[in-house]
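Observations on chain architecture
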Amino acid sequence: MTSDLRESLRQMLAVLEEERQALAALDLDAIVGTTRDKDRLCGAIDAFGAPELDEECRSMLDTARRLNEVNRQVRNIIAANVSRRLNALTGSPQLYRIPKGYAAMARA
């Protein structure tokens, strides 16, 4: 069971790396494909429940979390750049604007 989990985690790490490369290349087909792969692998990993994880599995999980967070940030940057460009072309205001003081309220 642990070896199957370990293999699923290895596959997830590979897919997260593929996603990073797809984001860098702005390859929409590859981005969609890696999204499907991540979803499939999440289902496979969820099926293991919460077994006692060995050090290798914990390390792979931590690495996967970090890679996923980096990829999420890259996706957000790309989306923000697209929004900015579209707004500049249309002369429209930003649709999702953070109100002044919002960050201060979030810290309270």
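So, a few notes on the structure that sits alongside this text. (Residues numbered from 1 in each chain as written. Predicted model: local features only at pLDDT ≥ 70, side-chain atom pairs only at ≥ 80, totals over all residues. Heavy atoms only, no water.)

**Section: the environment of Arg6**
Looking at the secondary structure, you find Arg6 in helix H1 (residues 2-25). Each C-alpha atom of the pair Arg6 and Asp54 lies 9.5 Å from the other, and the pair is 48 residues apart in sequence. Here Arg6 is in contact with Asp54, Glu56, Cys57 and Met60, once residues within four sequence places are set aside. One polar contact links Arg6 to Glu56, side chain to side chain, over a distance of 2.9 Å. (Helix = DSSP H or I, 4+ residues; strand = E, 2+ residues; numbered from the N terminus. Contact = heavy atoms within 4.5 Å. Polar contact = N/O pair within 3.5 Å; in protein donor to acceptor, adjacent residues only side chain to side chain.)

**Some points on a nonpolar patch on the surface**
Together, Val82, Leu86 and Leu89 make up an exposed nonpolar region whose accessible area comes to about 310 Å². On the secondary structure map, Leu89 appears in helix H3 (residues 55-90). (Patch = residues over 30% accessible without salt bridge, like charges linked within 9 Å, V, L, I, M, F, W, Y side chains within 5 Å. Areas by Shrake-Rupley, 256 points an atom, 1.4 Å probe, with all protein chains shown as cover. Salt bridge = Lys/Arg side-chain N within 4 Å of Asp/Glu carboxyl O.)

**Regarding the nonpolar core**
Formed by Leu5, Leu9, Met12, Val15, Leu16, Leu41, Ile45, Phe48, Cys57, Met60 and Ala64, the largest nonpolar core amounts to eleven residues. Looking at this core, the elements that each hand over two or more residues are H1, helix H2 (28-46) and H3. Per element, the largest residue contribution to this core is five residues, and it comes from H1. Excluding anything up to four places from it in sequence, Leu9 contacts Ile45, Cys57, Met60 and Leu61. (Core = buried A, V, L, I, M, F, W, Y, C linked by side-chain atoms within 4.5 Å. Buried < 20%, exposed > 50% of the residue type's maximum accessible area, 1.4 Å probe, protein only.)

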